Structures are given as C-alpha cells and as structure tokens.
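What the coordinates show
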Amino acid sequence: MYLTREEEKMYEGEFGEAVRISMEILVTLGDIYDADRLINISSAQVSGASYKTIGDAGLEYLEDMVKNSATTSVYTTLNPIGMDLKRWEELNIPSNFAKKQIKIVKAYQKMGVTLSCTCTPYFCGNIPTFKSHIAWSESSAVIYANSVLGARTNREGGPSALAAAICGKTPRYGYHLEENRNPNVLVEVKEKLNGIDYAVLGYLIGKEINDKIPYFKMLNRPDVDDLKNLGAALASAGAVALYHIEGVTPEYSLIDKNEFEDKITVTKKDLKAAKEELSTTNEKPEIVCIGCPHSSIQDIKKVAEIVANKKLNCDLWVCTSLSTKIMADRMGYTKIIEKSGGKILCDTCMVVTPIEDLGYKTIGVDSAKAAIYLPSNNLDVIFNDLNNLI
Ligand code: F3S
C-alpha cells in the first residue's frame, strides 16, 4: 500500500509508539484487503467498550495505549459500555465488573474519546456528511451511516476504529470505493410495514443475503427509527453494511440498478414466519428491554404513552444515550416510565451488560438484533412489540 512521506514517518514511530502501533494495524488491514492507500477520515465510532466483551486483555491494551500517549485526532464517539455509569449499584452490577468498566471508560477519556456511550452516535452529534469517509465500528451504526447518511465506512472492529481515530486515516477499500456501493439483490416488499415489521424484514433478508447489498422497493415510507431497526437486523442476521431503499435513502438514484444477481419477494406470510423464529419461548418475560439500537427521543415518547398510568408486572429497561435521557427527563417521559416501574438506562444495553448475572431467565425485546444475541447469554427471548410484551 502506498504511504505518503508523513505516513511513513508515522509508521516508523516518529510520532510516538501509539501512532506506530495504530499505523501498523491500518497498514496490515490495508494489505489484507488490497487497499491502494490511506484516506483521511472525519470521524470514528469505537466499539469494544464493555468489560463484558473486551475483558482484561482489552483493558490492558487500552491502558497501554494511554501509557503510550495515544490521542484521537478526529471526532470520536464511544459505543455502549457494560453498565449505566450512575445507576450500576441499583442494578446490582457486580462491583469488580464496575471497577474494571470504570477503568476502561477512563482510558478512553484520556485518549480524547467523547464518552457518548451509545450505538446511535448519529442521534447525539456524530453526524457525518454525505460521501464523507469515516471509520466506525458497531455494525448497526455502520449500516446507518452508510445507508441513511450516505457516509462511507467499512465494518471496523474496535481496535481498527481506534487506530483510525488516532491516525485520522483508514485504508481505502470496500465501502469507501464507489464501485462497491451498488446493490446486488432486489427486494420487493409486498406488504405495508409498521413498527417491528422493519426489524423482522431486516432479520429475514440479512440471514438470506449475508454481506450483499439489498435494494428495497417498499409500499410505505420508513422513518429514521424504522431505518435504524431495519439496519441493525440486517447487520446482525447477516453482515450487511449498506442498503438502499427506493425513494428514501440518499444514494438510491445515483447507483447502478441494472445488474441484480438475485430478486427476493417478501409477503405477509414470510414476515409472519420470520417473526416467529425470533422468539425462543412463549412464556411471559421477567424483564422487557427496549432500545437496541439505543432509543431515540421519539422511541421513548412512544414507551411513555404505552406505560402511562399502568403498573408493570415485569421489569422494564429503556436503553438510550445520556443526551437522549436528558431530553426525556425534560419532556417528562422519564417520570411517566419510572412511575410505571420501568427504568430509563444510559450508557449500556441488554446485550453488553452482564444481564445473565442478574437472575433473569426470560426477556422480552422488540429488537431483532437483541433477539439474535440474547439466547447466547442463557436467556429465553420473547420477540414482540412493547404493547404485546407488557
Ligand atoms: Fe446497541 Fe447494544 Fe443493540 S450496542 S445495537 S443496543 S446490542
């Protein structure tokens, strides 16, 4: 891969050990994927923030980077961590876990990473412009950035996104190249979609096409929350990093639509069968968790409307970012939800917190992504919309 003179100096360690290690990661990636050169990025989103997922080895790596004076050189936001930074004791998060988690957060803070602790950075300030190059990890955020915002990113891992954030660069391959952004599967949806249908559709198509690029023709127009839920499901049931929707997403009219390899038609019956696959039990949930990806303020408003004047028979977590929670507080939604027995939690989610240690056996979710991941945490899942879960 071609490096400029300055990049060579970075690679050789003239800008310090953290930059050298980061350049080594980027150049290795570039060589593997046949990138011709590095390109400058405007922002990064770093995953690998929960102690549950990165463990002691991850913490040690981050602390070493801090010792080596690692600093981010572009705007960088952080994925959810393993607990609500304010309420972890109330939630019975083990104190040893909390201690390690706080060390991880401090390491990121020292590197200049904004402690957004959310997988929806695009709802709280990290909003790349159309066609800008970025290096994001967190598959649901990657697919949103590529598809809805029209930015360009590969599905980075935590270490490569951090390396890119430190160097301000990423190898030019994959979704950074215009020719790799054309769709290859036409998906015609013959049913009007509503609410969790978008997550079900993403699950159905993601497991069918793996890492291909779908081009959807839909009967109705999704809003931003629908797009977020569709993308998260596509990216977790498969490895989709980009989709287009006719008349909706920004690149649909610019791309070549002549050469579809495949065509899928989705009917009401297909959606019903896929929805059933997402539950592992018919039992009542002991806890219901909303907000995968993290809830927007509109999502929280809908929850408040549903639980207003109710006393819940199960626990309810609504997972979101701190900045959205502040807005929910101001709008009175938090008060309504907490009065019903629910909680609005920041910084974390049902998947990256050690939920399996909190004694729950059954969990209700309205997210296909959460329904895919949670069974590996020894939980039985009921997938449905909130109205039918509580
Ligand atoms: Fe976000 Fe956690 Fe779901 S990180 S996408 S809420 S698994």
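The name an unreviewed UniProt entry gives the protein is Phosphomevalonate dehydratase large subunit, with Methanothermus fervidus as the organism. Comment text from UniProt for the protein, heading Function (unreviewed entry), reads "Component of a hydro-lyase that catalyzes the dehydration of mevalonate 5-phosphate (MVA5P) to form trans-anhydromevalonate 5-phosphate (tAHMP). Involved in the archaeal mevalonate (MVA) pathway, which provides fundamental precursors for isoprenoid biosynthesis, such as isopentenyl diphosphate (IPP) and dimethylallyl diphosphate (DMAPP)." Comment text from UniProt for the protein, heading Catalytic activity (unreviewed entry), reads "(R)-5-phosphomevalonate = (2E)-3-methyl-5-phosphooxypent-2-enoate + H2O".

Counting its secondary structure elements, the protein contains 14 helices and 14 strands. Since a compact globule built from 390 residues should have a radius of gyration of about 21 Å, the 21 Å found for the protein is in line with a globular shape. Counting only C-alpha atoms, the protein reaches 65 × 55 × 35 Å along its principal axes. Taken across its 390 residues, the protein has 57% of its residues classed as buried. Here the protein displays about 16,600 Å² of accessible surface, and carbon together with sulfur accounts for 47% of that area. One finds the centroid of the 44 positive side-chain charges in the protein at a distance of 6 Å from the centroid of its 51 negative side-chain charges.

On to the site of the ligand. Surveying the vicinity of the ligand reveals the residues Pro 80, Cys 119, Glu 138, Ser 140, Gly 291, Cys 292, Pro 293, Cys 349, Val 351 and Lys 369. When residues of the shell around the ligand are assigned to domains, at least three fall in each of domain 1 (5-176) and domain 3 (287-389).

A few words now on the UniProt feature "domain: Phosphomevalonate dehydratase large subunit-like" (unreviewed entry) in the protein. UniProt tags residues 1-390 as "domain: Phosphomevalonate dehydratase large subunit-like" (unreviewed entry). Structurally, residues 1-390 is divided into 39% helix and 14% strand, and its ends, taken at the C-alpha atoms, are 55 Å apart.

The next subject is the packing of aromatic side chains. Overall, the coordinates contain seven aromatic pairs when judged by the stated rule. On the basis of an interplanar angle of 75° and a centroid distance of 5.5 Å, the ring pair of Tyr 51 and Phe 97 is categorised as edge-to-face. With Tyr 51 in helix H3 (residues 51-67) and Phe 97 in helix H4 (residues 95-110), the pair connects residues that are 46 residues apart, well separated along the chain. The structure contains a cluster of three or more aromatic residues connected by ring pairs, namely Tyr 122, Phe 123 and Tyr 144. The cationic tip of Arg 152 hangs over the ring face of Phe 130; the distance from NZ or CZ to the ring centre is 5.8 Å.

The subject of this paragraph is the environment of Thr 170. Within the element layout of this structure, Thr 170 appears in strand S5 (residues 169-171). For Thr 170 and Ala 35, which are 135 residues apart along the polypeptide, the C-alpha to C-alpha distance reads 9.6 Å. Setting aside chain neighbours within four positions, we find Thr 170 in contact with Arg 37, Leu 38, Ile 39, Ile 41, Ile 134, Ala 135, Glu 156, Ala 164 and His 176. Polar contacts involving the side chain of Thr 170 include one to the side chain of Glu 156, which spans 3.4 Å.

Attention shifts here to the pairing of strand S11 (residues 315-320). The buried fraction of S11 is high, at five of six residues. By the bridge criterion, four bridges tie strand S10 (residues 287-290) to S11 in an arrangement that is parallel. Residue Ile 287 lies in a different strand from S11, and its bridge partner there is Asp 315. After leaving S10, the chain enters helix H10 (residues 297-307) and then returns to the sheet as S11, a path that is right-handed. By the bridge criterion, five bridges tie S11 to strand S12 (residues 342-346) in an arrangement that is parallel.

As a further point, take the sheet that holds strand S4 (residues 135-136). Spatial ordering of the open sheet is given by S3-S2-S4, a layout of three strands whose pairing is parallel. Two strands in the sheet have a free side with no partner beyond their single neighbour: strand S3 (75-78) and S4. Both strand S2 (residues 43-46) and S3 contribute to a ladder of four bridges, which runs parallel. The residue of S3 that forms the bridge with Ser 43 is Tyr 75. In the packing of helix H6 (residues 158-167) onto the sheet, the strands contacted are S2, S3 and S4, and the crossing angle to S2 comes to about 150°.

The rules behind each value
Residues numbered from 1 in each chain as written. Predicted model: local features only at pLDDT ≥ 70, side-chain atom pairs only at ≥ 80, totals over all residues. Heavy atoms only, no water. UniProt positions renumbered as here; feature names shortened; annotations may be inferred. Helix = DSSP H or I, 4+ residues; strand = E, 2+ residues; numbered from the N terminus. Rg over C-alpha atoms; globule rule 2.2 N^0.38 Å. Buried < 20%, exposed > 50% of the residue type's maximum accessible area, 1.4 Å probe, protein only. Areas by Shrake-Rupley, 256 points an atom, 1.4 Å probe, with all protein chains shown as cover. Lys, Arg positive; Asp, Glu negative; His and termini not counted. Charge placed at Lys NZ, Arg CZ, Asp CG, Glu CD. Near = heavy atom within 4 Å. Domains from an automatic or database assignment. Phe/Tyr/Trp six-rings, centres within 6.5 Å; stacked < 30°, edge-to-face > 60°. Lys NZ or Arg CZ within 6 Å of the ring centre and 35° of its normal. Contact = heavy atoms within 4.5 Å. Polar contact = N/O pair within 3.5 Å; in protein donor to acceptor, adjacent residues only side chain to side chain. Pairing = 2+ DSSP bridges. Right-handed = clockwise from strand over helix to strand, strands pointing away. Axes fitted to C-alpha atoms, helices over the stretch in contact; angles between N-to-C directions.

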